[in-house]
Amino acid sequence: MELGQLRALRELGDRGSITAVAAALYVTPSSVSQQISALQRHSAAPLTCRDGRRTALTDAGRALAMAAIDVEVALERAQQAVARFQDDRLGAVSVAAFHSVGLAVFGPLIAACGSADQPDVRLSDFDVAQEDFPPLTADHDLVLAHRLVGSPSWPRSVRVESLLYEPLDIAIRRDHPLAAKAAIQPADLQDEAWVAVHEGFPLKQALSVISGIGGSEARILHRINEFTVAAAVVEASGCIALMPRYTTNIRDHPDLVLRPLTHPGLGRHIDCLARPETLERNNAKAVLSHVRAIAMALTHRPPGV
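Here's a quick rundown of the structure. (Residues numbered from 1 in each chain as written. Predicted model: local features only at pLDDT ≥ 70, side-chain atom pairs only at ≥ 80, totals over all residues. Heavy atoms only, no water.)

## Here we look at the overall build of the chain
Part 1: Of regular secondary structure, the chain possesses eight helices and 11 strands.
Part 2: For a compact globule of 305 residues, the expected C-alpha radius of gyration is about 19 Å, and the chain comes in at 31 Å, more than 25% above that figure.
Part 3: On the principal axes, the C-alpha backbone points of the chain span a range of 100 × 45 × 30 Å.
Part 4: For the chain, the residues scored as buried account for 45% of the 305 residues in total.
Part 5: A sequence separation of at least 24 residues applies to 73% of the contacts in the chain between residues at least 6 apart. (Helix = DSSP H or I, 4+ residues; strand = E, 2+ residues; numbered from the N terminus. Rg over C-alpha atoms; globule rule 2.2 N^0.38 Å. Buried < 20%, exposed > 50% of the residue type's maximum accessible area, 1.4 Å probe, protein only. Contact = heavy atoms within 4.5 Å.)

Structure (structure tokens):
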């Protein structure tokens, strides 16, 4: 049984004729007859009978028409519940993020959602490769993800809300000879030892681009994905590392500085991924608005702060 079939039967009981039902439902009389005939095939008892020149309901038909009212009531209640859920600015919103953006965003987001009229955020961090971010939307309302410039776009199955573009800089010690340069060229890095991310993660591709331009393979001594840990290793070892300009916090490492590359223009897109229906909810839209504001503020603070 389908809702349209039940609705046609109920309307026939209320309106008394196929023609009247068709006019009320904005369909043809033939379409109404087909709906009722399809419903009849699922019933062991006759649902309609001839009453002169019109089609009327039998006792079984009237019983099923009454049951159709209960179905309509349940459907209306369900639709109202969904509408209230979508319109409610409160309620929990789960947010997942990769480490560096989580470090930069989670604290301010908790503060922004700290009042009684704001959504309740639930936070998680994930250290995954680019292709593993979209599946996280199955279990999290908002997923803060990153992809390197030139990498494949996000799949069409997720809604993509752009947050910011973040350049990649070189992190070095203040006493390193390259620290005196306002900007660093790839050729300057030929003999350097690197702290790099693991294979399969976006910044590894960026290092390969630098190596290709500089003309020699990068000499990688350490593989560390977490930038705060990498900063400590760079500070202790004298190695260098690629680090994002806005979401890296090196204030706890006063001996480190960030220097831009002259070329290529390496950077990453930081985006919010979500299932399309999630962003129909007011509470998810409210949290996304806070995330946008926080991301924008990151671009205006001094590097490393």
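Anyway, onward from the coordinates.
## Considerations on the packing of aromatic side chains
Part 1: Applying the stated rule across the entire model yields two aromatic pairs.
Part 2: An angle of 75° between the planes, with centres 6.2 Å apart, marks the rings of Phe98 and Phe133 as edge-to-face. With Phe98 in the loop between β3 (92-97) and α5 (99-112) and Phe133 in the loop between β4 (120-125) and β5 (142-148), this pair connects stretches of sequence that are 35 residues apart. Phe133 shares its class with Phe98; the two are buried.
Part 3: On the accessibility criterion, Phe133 (0% relative accessible area) is buried. (Phe/Tyr/Trp six-rings, centres within 6.5 Å; stacked < 30°, edge-to-face > 60°.)

## What about the environment of Ser17?
Part 1: In this structure, Ser17 sits in the loop between α1 (3-15) and α2 (18-25).
Part 2: The partly exposed category is assigned to Ser17, whose relative accessible area is 23%.

## A word on the pattern of salt bridges
Part 1: Throughout the structure, instances matching the rule amount to 13 salt bridges.
Part 2: Two residues, Arg10 and Asp14, come together in a salt bridge whose shortest N-O distance is 3.8 Å. Of the two residues, Arg10 and Asp14 both sit in helix α1, four residues apart, roughly one turn of that helix.
Part 3: Note on Arg10: relative accessible area 24%, which makes it partly exposed.
Part 4: Notably, a salt bridge pairs Lys181 with Asp188, separated by 3.9 Å at the nearest N-O pair. (Salt bridge = Lys/Arg side-chain N within 4 Å of Asp/Glu carboxyl O.)

## Some thoughts on the side chain of Thr55
Part 1: Relative to the helices and strands, Thr55 resides in strand β2 (residues 54-57).
Part 2: The exposure class assigned to Thr55 is buried, which follows from its relative accessible area of 17%.
Part 3: Only 2.9 Å separates the side chain of Thr55 from the side chain of Arg50, close enough to count as a polar contact.
Part 4: Non-local contacts of Thr55, meaning those with residues more than four positions away in its chain, are made with Leu12, Gly16, Ile18, Thr48, Cys49 and Arg50. (Polar contact = N/O pair within 3.5 Å; in protein donor to acceptor, adjacent residues only side chain to side chain.)

## Some words on the environment of Asp127
Part 1: Checked against the element boundaries, Asp127 lands in the loop between β4 and β5.
Part 2: In the structure, Asp127 is positioned 28 residues away from His99 in sequence and 6.5 Å away in space, judged by C-alpha atoms.
Part 3: Contacts of Asp127, omitting those with residues within four sequence positions, involve His99, Phe201 and Asn225.
Part 4: Looking at Asp127, its side chain comes within polar contact range of the side chain of Asn225, at 3.0 Å.

## So, unusual backbone geometry
Part 1: Phi is positive for Tyr26, close to 60°, though the residue is something other than glycine.
Part 2: You can see Tyr26 is positioned in the loop between α2 and α3 (29-40).

## Side note on α1
It helps to recall that an α-helix has 3.6 residues per turn; residues three or four apart then point in one direction.
Part 1: For α1, with 13 residues, the first-to-last C-alpha span of 18 Å sits near the 18 Å given by 1.5 Å per residue.
Part 2: Regarding α1, the residues found buried are Gln5, Leu6, Ala8, Leu9, Glu11 and Leu12.
Part 3: Two residues or fewer past α1, Gly16 is found with a positive phi of approximately 90°. (Expected span 1.5 Å × (residues − 1).)

## Observations regarding empty space enclosed by the protein
Part 1: For the coordinates displayed, the defined rule picks out four cavities of 30 Å³ or more.
Part 2: By volume, the largest cavity amounts to about 160 Å³.
Part 3: Looking at the largest cavity, it is lined by 14 residues, and the ones nearest its centre are Phe98, Asp127, His146, Asn225 and Phe227.
Part 4: Looking at the lining of the largest cavity, the elements with two or more residues in it are α5 and α6 (202-214).
Part 5: Counted by class, the lining of the largest cavity contains eight nonpolar, four polar and two charged residues.
Part 6: The space that makes up the second largest cavity amounts to roughly 100 Å³.
Part 7: Of all elements in the fold, only β7 (193-196), α6, α7 (227-237) and β9 (240-244) reach the threshold of two or more residues within the lining of the second largest cavity. (1 Å grid on protein atoms, 1.4 Å probe; cavity = no way out; pocket = protein on both sides within 12 Å on 5 of 7 lines; lining within 4 Å. Points joined across faces, edges and corners; volume = space filled by probe spheres on them. Nonpolar A, V, L, I, M, F, W, Y, C, P; charged D, E, K, R; others polar.)

## Describing the pairing of β2
Look at any regular strand and the pattern is simple: side chains alternate between the two faces of the sheet.
Part 1: Note that strand β1 (residues 48-51) and β2 share four bridges and pair antiparallel. Bridge pairing in β2 places Arg50 opposite Thr55.
Part 2: Hairpin remark: β1 followed by β2, antiparallel, with two residues in the connecting loop; positive phi at Gly52, about 70°. (Pairing = 2+ DSSP bridges.)

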